[in-house]
2 protein chains.
Amino acid sequence: MALINENYLKLPGSYLFAEIARRVSTFKAENPSADIIRLGIGDVTQPLAPASIKAMHDAVDEMANQATFRGYGPEQGYDFLIEKIIETNYKSLGVEMDEVFVSDGSKSDVGNIQEIFGVNNTVAITDPVYPVYLDTNVMAGRTGTLQNNGTFEQVVYLPCNAENSFTPALPTNKVDMIYLCCPNNPTGTTLSKKELKKWVDYAKSNDSIILFDAAYAAYITEADVPRSIYEIEGSRDVAIEFRSFSKTAGFTGTRCAYTVVPKTVMGKDSEGKEHSLNQLWNRRHTTKFNGTPYIVQRGAAAIYTPEGQAQIKATVDYYMTNAKIIREGLITAGLQAFGGVNAPYIWLKTPEGIDSWGFFDKLLKEVHIVGTPGAGFGPSGEGYFRLTAFGNRENTEKAIERIKTKLIL
Amino acid sequence: MALINENYLKLPGSYLFAEIARRVSTFKAENPSADIIRLGIGDVTQPLAPASIKAMHDAVDEMANQATFRGYGPEQGYDFLIEKIIETNYKSLGVEMDEVFVSDGSKSDVGNIQEIFGVNNTVAITDPVYPVYLDTNVMAGRTGTLQNNGTFEQVVYLPCNAENSFTPALPTNKVDMIYLCCPNNPTGTTLSKKELKKWVDYAKSNDSIILFDAAYAAYITEADVPRSIYEIEGSRDVAIEFRSFSKTAGFTGTRCAYTVVPKTVMGKDSEGKEHSLNQLWNRRHTTKFNGTPYIVQRGAAAIYTPEGQAQIKATVDYYMTNAKIIREGLITAGLQAFGGVNAPYIWLKTPEGIDSWGFFDKLLKEVHIVGTPGAGFGPSGEGYFRLTAFGNRENTEKAIERIKTKLIL
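Residues numbered from 1 in each chain as written. Chains lettered and ligands numbered in written order. Predicted model: local features only at pLDDT ≥ 70, side-chain atom pairs only at ≥ 80, totals over all residues. Heavy atoms only, no water.

Peer 1: Lay out the overall build of chain A with the relevant residues and their values.
Peer 2: A count of helices and strands for chain A gives 12 helices and 15 strands. Over its C-alpha trace chain A gives a radius of gyration of 22 Å, about what one expects of a compact globule, namely 22 Å for 409 residues. Counting only C-alpha atoms and orienting by the principal axes, one finds that chain A spans roughly 60 × 55 × 55 Å. Counting only residues that meet the buried cut, chain A has 61% of its 409 residues in that class. For chain A, the exposed surface amounts to about 14800 Å²; the carbon and sulfur share of it is 50%. (Helix = DSSP H or I, 4+ residues; strand = E, 2+ residues; numbered from the N terminus. Rg over C-alpha atoms; globule rule 2.2 N^0.38 Å. Buried < 20%, exposed > 50% of the residue type's maximum accessible area, 1.4 Å probe, protein only. Areas by Shrake-Rupley, 256 points an atom, 1.4 Å probe, with all protein chains shown as cover.)

As structure tokens, then:
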């Protein structure tokens, strides 16, 4: 019988959202009249920008006529989109056309990037973290097995918590692949240019690669927070950056993202010879992927028109006003709250003596609000809880009012 | 320095289409007035079905309103599409809703499926073959290195040629993963139910898995050729099937496909315990992929309406009339031609003493037609040449007229 990839057996079950659904469902059965508000949602709710809608209608019409029909496009994405990406997001940062790879989503990109690396590399992740970084390395056999303390034996965890202001310390040992998510999911916090410079310097000194997930860059409001790792000197030698249209332009159900792999980022083979990661990723991308839909790329490119930029900014502002309402409301209620200034996520410290799941139950039972237990994002998420700003204004305001007036703290 | 995946270094360069482009470009420079006709193209040229166009316009409008906006969908695809797929293509074949995984393309699926298998499995491929099966296994480390004879040392090649009527013989040794493409790219030939039954029986006896690529099923015209591997008794225990909207409905630039993984197909771990490949693939699909665009899934579902079915059939018929013109024209011209009856590909034997690339040059120079040398698809493709039926009627007719009247044979 064909053998399976046994690394898959090391993965724990996808427990988090199934368990949330189970508890909410039980509560609803017992309290059928409760008006439950979901602030755990990690998905956008506002419609696409009118500029994208128009561009996609036009593109659909092009597909209806032989003269304008598009078959296979370049796997790396159409030039009309890549040009706009560089012009808007990487002006003067030195990113070139053949360093940008358009894809169907950042989940695919951050999940697939590890394929071009050797299985014996040491992986470092911040903790708590978006689970895809870890799970895809488990599947590839880079992590060893899950231990009783909730960590994989060969992975270097970099705790981020209130004590260190969610600023991970550099690893004390040498690591090869470093996943950084900034602005961060789930903590909603960011790293300053000074902090990021430390990571670039570490990577240069230790021949490591930084895998920089900037999916929430559009939510940054403070001036000194870098939008791109390429704002940091030396980063073009050590960093790969991931960006997405999902949260930037409401594309979670429309699917478009891109990865920047500078031609100057190198890995080595076992004989010490250097190889361009750009070339390896290009080979991966062109062998296992056949391009993002033409219609979708047209919709994505439309956000870079002046009206498109104004429209997506209005939506991001809408969510960030929600974030402000949540953050300030929680603080008024006497809770410790983090994030929510440069990201649509608010990360709160659960009250003394209540763990993540305990707070989940308390919030659901006392004020009928659903959030996400921090423990679901890694061991260092225990004692924290995530609320998101993607709901509508009315529900967000109602939820915070309940927390302020009815939650027993 | 981070180590790379050294298996990538075993891949030969992507030589085929680059070399074709180089030779065509040189010829054009020397013969600027030549009217070159491309019959090498493996991409559709006719517009999408009006039913798909309408459905996509409607879906784009849904994305413009909060009440109908769609964010993340199920990674496995929307029920509205999966229901139609089963109803249309798998009626009475026992395929269930949670056995169908919608994706962004068959290239992704046939490239990614090997991830759920162990790296020590033996892979068998028919030869010649769609290069993605082989290349993705090279990248994963299942093939060993490329030898001087053009084959990878650990891969079992199953030659398909005129002598065996393009019907591969069963392996003499035990193999674990068997890639079959039927109707076949590049040969345009198919396997009968009786032949496929031999493969299912082999797989059952040897605990192998059949990876059945049915991307061209819509082009089958003969009654006794199976459209799906699941028409073969016993296949639900050993076969995974890949289908695509690319060639079926002109979706090469719109991107939608699906994979069927019956819950009854098992692999084993090193201790001999059985595991459901459906569950492993579900874990892979939900961890590294975030769903096919809602708009695209609506466009795909629309081909299953009565008008959609009629529209895509008209386009397939158009291409198959081209195939008939090419096939019969080649035979009239005195060439041996295969395929083109149940597939949009015509595979011709190059004349005595002329190899694949020699025939490429001859066709280009004498009659200004571009095709694809068979050697580009594997060692057994040497001495053959591929023409495709995806061009327009006028050029197809003109090209065949030139071959009949001007090619020196």
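Let's pick the thread back up.
Peer 1: So what's going on with helix α3 (residues 79–89) of chain A? Which residues, and what values?
Peer 2: What α3(A) keeps buried is the set F80(A), L81(A), I82(A), I85(A) and I86(A). Its buried side turned inward, α3(A) meets β2 (100–103), β8 (257–260) and α9 (294–301) of chain A. (Contact = heavy atoms within 4.5 Å.)

Peer 1: For the relation of the copies chain A and chain B, give the residues involved together with the corresponding values.
Peer 2: One copy of the chain maps onto the second through a rotation around an axis plus a translation along that axis. Least-squares fitting of chain A to chain B yields an RMSD of 0.0 Å, with the transformation described by 0.0 Å of translation along the axis and a rotation of 180°. Look at the turn and shift together and you get a two-fold axis relating the two. Minimal C-alpha separation from the rotation axis in chain A is found for H57(A), amounting to 3.0 Å. A shared binding surface is used by both copies, with 100% of the interface residues of chain A retained as interface residues in chain B. (Least-squares fit on C-alpha atoms with pLDDT ≥ 70 in both.)

Peer 1: So what about the pattern of salt bridges? Which residues, and what values?
Peer 2: Residues and elements named next belong to chain A. Here the structure, examined in full by the defined rule, presents 46 salt bridges over all chains. The closest approach of N and O atoms between E195 and K198, which form a salt bridge, is 2.9 Å. Highlighted residues: E195 and K198, both in helix α6 (residues 193–206), separated by three residues, approximately one helical turn. K198 sits in the partly exposed class, given a relative accessible area of 38%. In the salt-bridge network here, residues are joined through shared partners; they are E19, R22, R23 and D361. (Salt bridge = Lys/Arg side-chain N within 4 Å of Asp/Glu carboxyl O.)

Peer 1: Got a sec to walk through the domain arrangement of chain A? Specific residues and values, please.
Peer 2: Interface extent is often summarised as the accessible area lost during association of the parts. All names here are of chain A. Taken domain by domain, chain A comprises domain 1 (11–47 + 307–406) and domain 2 (52–305). Placing a centre on the C-alpha atoms of domain 1 and another on those of domain 2 gives a separation of 26 Å. Domain 1 puts 29 residues into the contact, and the matching count from domain 2 is 44 residues. Of the roughly 2800 Å² buried at the junction of domain 1 and domain 2 (both faces included), carbon and sulfur atoms supply 62%. (Domains from an automatic or database assignment. Buried area = accessible area lost by both parts, 1.4 Å probe.)

Peer 1: An account of the interface of chain A and chain B is requested, with residue identities and associated values reported.
Peer 2: Every contact between the two is made by 82 residues of chain A and, on the other side, 82 residues of chain B. Counting each side, the surface lost to burial between chain A and chain B is near 7100 Å², with a carbon and sulfur contribution of 58%. Inspection of the region where chain A meets chain B yields four salt bridges. Here D135(A) and R283(B) are joined by a salt bridge, their closest N and O atoms 3.7 Å apart. Linking chain A with chain B are 41 residue pairs in polar contact (both at pLDDT 80 or more). Among the secondary structure elements, those contributing two or more residues to the side of chain A that touches chain B are α2 (50–62), α4 (106–112), α5 (131–140), β9 (266–268), β10 (274–276), α8 (277–288) and α9 of chain A. When residues in the side of chain A that touches chain B are grouped by element, the largest group, seven residues, is from α8(A). A per-class count over the side of chain A that touches chain B returns 31 nonpolar, 31 polar and 20 charged. (Polar contact = N/O pair within 3.5 Å; in protein donor to acceptor, adjacent residues only side chain to side chain. Nonpolar A, V, L, I, M, F, W, Y, C, P; charged D, E, K, R; others polar.)

Peer 1: Go over the environment of V316(A), please, and point to the residues and values.
Peer 2: Residue and element names in this part refer to chain A. Among the secondary structure elements, V316 is positioned in helix α10 (residues 306–332). In this structure the C-alpha to C-alpha distance between V316 and D207, which are 109 residues apart in sequence, comes to 37 Å. Setting aside residues up to four positions removed in sequence, V316 forms contacts with A218, Y219 and T248.

Peer 1: So what's going on with helix α1 (residues 16–30) of chain B? Which residues, and what values?
Peer 2: All names here are of chain B. Given a rise of 1.5 Å per residue, 15 residues ought to cover 21 Å, and the 22 Å separating the end C-alpha atoms of α1 matches this to within 8%. Those residues of α1 lying buried are L16, E19, I20, R23, V24 and F27. The buried residues of α1 occupy an angular sector of 130° when the element is viewed end-on, so they sit on one face. Next to the buried residues of α1 lie β1 (37–38), α11 (356–367), β13 (369–370) and β14 (372–373). (Expected span 1.5 Å × (residues − 1). Arc of directions from axis to C-beta.)

Peer 1: Summarise the sheet that holds strand β15 (residues 384–388) of chain A; cite the residues concerned and give the values.
Peer 2: The strands making up a sheet are joined through hydrogen bonds of the backbone, oriented either antiparallel or parallel. All names here are of chain A. Read across the sheet, four strands follow the order β11-β12-β15-β14 without closing on themselves; strand pairing throughout is antiparallel. The outermost strands of the open sheet, each flanked by one partner alone, are β11 (336–339) and β14 (372–373). Strand direction decides the pairing type here: strand β12 (residues 345–349) and β15, joined by five bridges, are antiparallel. Among the inter-strand pairings, W347 is bridged to a residue of β15, identified as R386. Sheet contacts for helix α11 (residues 356–367): β12, β14 and β15; angle to β15, the most-contacted strand, approximately 50°. (Pairing = 2+ DSSP bridges. Axes fitted to C-alpha atoms, helices over the stretch in contact; angles between N-to-C directions.)

Peer 1: Now, about the pairing of strand β3 (residues 123–127) of chain B: what can you tell me, with residues and values included?
Peer 2: All names here are of chain B. In terms of burial, β3 is a largely internal element, five of the five residues being buried. Neither face of β3 is left uncovered, since the one carrying V123, I125 and D127 and the one carrying A124 and T126 both have all their residues buried. Taken together, the three bridges between β3 and strand β5 (residues 177–181) define a ladder with parallel strand orientation. In the strand pairing of β5, A124 is matched with I178. Handedness of the β3-helix α5 (residues 131–140)-strand β4 (residues 156–159) crossover: right-handed. (Right-handed = clockwise from strand over helix to strand, strands pointing away.)

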